[in-house]
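Close look at the chain arrangement
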Amino acid sequence: MGLPSALGSLPLAPIAPEYAELMGHQRAAGMLHFGEALVGDGETLSFLDGLFLCAGNRRHHLGAARLRGLADANPSRGPLLRLLADIQTRDASALRRVLLHQLIGLLQESGARRKASGLEPAEAALLEQAVPALPVLDARQRKAAESLGGLLHRRRLRATARALDTLGPAVVRTDPTLSRLASRLAHRLARCDRSLAAARATRDTEAARTHYLDALGVAADDDTATRGLIMLGRPRRTEDAPLTARLSGDRVLLAWPAPDGRSWRAVRLTRGTDRPAVVPVIAAPAGDRGAAVDHGARRGTLVRYAVFPLLDGVPDGPPLVSAPLLVAPDAEDLTVTDAPARLTARWTRPPGTARVTVVLHAADGPEPGGRVLARHDAGAHGDTHTFTGLRPGSYLVRVVCHHSSPEGREVESEGAGAAGVVHAWPEALTALTAEPDPEGGVRFAGSGAADAEVRLVAWTDPAGAPPEGTGLPTDALPDPLPWAGYGTAHPVAPPAAFTGPIVAVAVRGERALVGPSVRVDIPAPVTGLRGLREHDGHVRLVFDWPADAGSVEVEWEQEGARDRSRVSRSRYLREGLRLPIGPAAVRIGVRAASRHERPAGPPRPDAAAAAHTAHAAEAADPTVVVRRAPAVLDLPGDVVVSFRLVTRRRGLARRATPEAVEVTVTGAGTPGSSPAGAGTPDTASRPDLPDLVLVGRAGDAATARPRHPEDGDVLVRLTGAELAASPRTVRELPAGLLRPPYALRAFLAGRHAGSVRLEEPALSTLVVR
């Protein structure tokens, strides 16, 4: 026949259900036509009378088995080649038709013609000569032509007819396959129209349903049959609808019983439109429920849904129909909280809402929601509103969203409601004061809150305490300060430092009302205070520095005179703290100084100016400074215990032998028990004295000197009471206890050993050889 006769009629539509999937694989591989995946090096593709691979004089037919073998040998193109094998298995002529359609489209592209690679040169040249005689499809016609295979496979005959109308009679007549398709389609649609006419003519519901199902069996996308079945299946009551449709934001969630696990098609019917929209079923029915999500419903429209059971993709039973649904999303997360004489509503507004109305209803009344007490337009962006001036009782808050319909009308949502109760709140605390006490504590007092418990709390939240008058649930309060009591008779002080606002909260049952606050600064206590006398008349003070204190204040009273000094932390750490006390008894008090406290000093001569300055400082810094009671050290007078050995020569021996020890006590009295700054030390009383222990140890003088009271033999022990009884005491040494050489040493022992100095004689007198 020759090449011209082998060319035959050229296809203008692929008519393959898998064409969209095939194009996806081609684009991913960067191919102009799928024939590029079939040819190897030195091979060409013959396509006029079937698909053949040509290599020299050999021709191999590309059947389904050979295509699957190529897929196994070339994994990167395996999905594409297996898809081609499936198409070839279904229809042996389909692959040639699809390839010719792709090649014709390449040759018809505007501008320079694109050369298709891998084809038999003579056949490619013949096709290039034949293409100019074919009609050129625009983008809309090409899309319609390439959709025909999928539409026919799903029996969407109405959409197929619309696609053929888009191609036009000239294109359909040019392709004999399209002409035959148009003829068969007209015959089948005529049958569908007869079923529709029969359904409209009958008054029997079951008969009409049967005719509509027959029409859908022919054309699965017949809108008239779909609407007819939906109208016949409408539930009389909303609660009777087997298909439920509910709004979730702008989505509509569908759910229906599907006990047999079959396939379903969901559609949406919108008032004012004739064509139902298909809603994708997002997943196969799970268990005994089917589900779908519709993202295409427009705000402000009234919609109804139906789901059809399918058999081979065609409806084979009456649909399940939902009740009508207004697509007007409600506000979400509506909460109602109460406060004294008011309710606050908070909600999440759907995006794009035109405006929001908040309505307050009484919980009782003839209307379902109670009578309307108040109404507020929150605008397009409001998400909270507070109703004030309410009496204790139950209320209902309803939030209605207003949306714009496609026609420009304003549509109200059904409304989200939440109940609220205005409780009886405690009476407010109107004032709070903190009064420092001379003993180092603070008293808290105030007015108001007659029917409530008053708790003193401190908020640790960085945002601070809520504003005065804020109502809170009791369990939202911080724990009460364990050391602070409201209205107590005795002053209190915390065990550690405290600086910050203290808030008084009136509590009544489960409700609390935030009251006024006062800022208090209470420095930390001074602990571990000790004093060591030095030989130059000074006393060195040692103590644990109070936390967060910048300085300490030291006061001492001695022989009726008082003095005061302030020492900074840096100076204390660098130099220590030494006071020029002298030998007399003294009472010393040390306390931390507040950062808000001005150093004490001599009074200014201008009293009016001083009062004005103090008032200005108090106004600038309203902190209540509490002067904590100082740590007190009672230091006795400088008492010195000294001793000497009483020796005697025996016979002709030239060595003096110690026979007794003479102990002398000198120094001032001890102070009384009055606190620092509150009395005068009692200098007449004898101080509490430690014990004196004389220890001897045999051995060479360099190594025999005792190091502590237990390091040797105790020769003499004088108790503190014995020393205090007389300023001079002589005690004989036991005879024969030690033989020379030996060394002697005295120690002070007991609780008061640190407050008394011991003076020893020359070391040479304490060594006996």
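Residues numbered from 1 in each chain as written. Predicted model: local features only at pLDDT ≥ 70, side-chain atom pairs only at ≥ 80, totals over all residues. Heavy atoms only, no water.

**Overview of helix 2 (residues 19-29)**
Of the residues making up helix 2, those classed as buried are Y19, L22, M23 and Q26. In an axial view of helix 2, the angular spread of the buried residues amounts to 100 degrees, which keeps them on one side of the axis. When the buried face of helix 2 is taken as reference, the exposed residues oriented beyond 90 degrees from it are A20 and A28. Backbone geometry just downstream of helix 2 places G30 in the positive-phi region, at approximately 70 degrees. (Buried < 20%, exposed > 50% of the residue type's maximum accessible area, 1.4 Å probe, protein only. Helix = DSSP H or I, 4+ residues; strand = E, 2+ residues; numbered from the N terminus. Arc of directions from axis to C-beta.)

**Here we look at the layout of surface pockets**
Summary: where empty space remains is shown by rolling a probe the size of a single water molecule over the atoms. Its volume calculated, the largest pocket comes out at about 530 Å³. Taken together, 27 residues make up the lining of the largest pocket; nearest its centre are D91, S93, A94, R97 and T177. Put simply, the parts of the chain that give the lining of the largest pocket at least two residues each are helix 4 (78-90), helix 5 (94-107), helix 7 (139-153) and helix 10 (176-201). Residue classes in the lining of the largest pocket are distributed as 12 nonpolar, 8 polar and 7 charged. (1 Å grid on protein atoms, 1.4 Å probe; cavity = no way out; pocket = protein on both sides within 12 Å on 5 of 7 lines; lining within 4 Å. Points joined across faces, edges and corners; volume = space filled by probe spheres on them. Nonpolar A, V, L, I, M, F, W, Y, C, P; charged D, E, K, R; others polar.)

**Some points on the sheet that holds strand 35 (residues 631-635)**
Taken together, 4 strands build an open sheet; the order of strands is 31-30-33-35 and the sheet is antiparallel. Only two strands of the sheet have a single partner each, and these edge strands are strand 31 (561-568) and strand 35. On average, each strand axis in the sheet is tilted by 20 degrees relative to the strand beside it, whichever way the strands run. Examined bridge by bridge, strand 30 (residues 551-558) and strand 31 share 8 bridges and lie antiparallel to one another. Looking across to strand 31, one finds that W556 is bridged to D563. (Pairing = 2+ DSSP bridges. Axes fitted to C-alpha atoms, helices over the stretch in contact; angles between N-to-C directions.)

**Overview of the packing of helix 10 against helix 11 (residues 205-218)**
Viewed as axis vectors pointing N to C, helix 10 and helix 11 meet at an angle of 165 degrees, and their least axial separation amounts to 8 Å. Overall, the two elements helix 10 and helix 11 adopt an arrangement that is roughly antiparallel. The two elements helix 10 and helix 11 meet at a crossing, and its hand is left-handed. In this structure, helix 10 uses R188, R191, C192, S195, L196, A198, A199 and R200 to contact helix 11, whose residues at the interface are A208, H211, Y212, D214, A215 and V218. Per-class residue counts for the contact of helix 10 with helix 11 are 8 nonpolar, 2 polar and 4 charged. (Parallel < 35°, antiparallel > 145°, perpendicular 65-115°, else oblique. Left-handed = near helix turned anticlockwise from the far one by under 90°. Contact = heavy atoms within 4.5 Å.)

**Focus on the pattern of salt bridges**
Throughout the structure, instances matching the rule amount to 37 salt bridges. R90 is paired through a salt bridge with E18; the nearest N and O atoms lie 3.2 Å apart. Here R90, found in helix 4, pairs with E18, found in the loop between helix 1 (2-7) and helix 2; they are 72 residues apart in sequence, far enough to count as distant. A relative accessible area of 41% places R90 in the partly exposed class. Between R156 and D221 there is a salt bridge, with the nearest N and O atoms lying 3.9 Å from each other. Of the two residues, R156 is situated in the loop between helix 7 and helix 8 (157-167) and D221 in the loop between helix 11 and helix 12 (223-232); the sequence distance between them amounts to 65 residues. When its relative accessible area of 30% is taken as the criterion, R156 is described as partly exposed. (Salt bridge = Lys/Arg side-chain N within 4 Å of Asp/Glu carboxyl O.)

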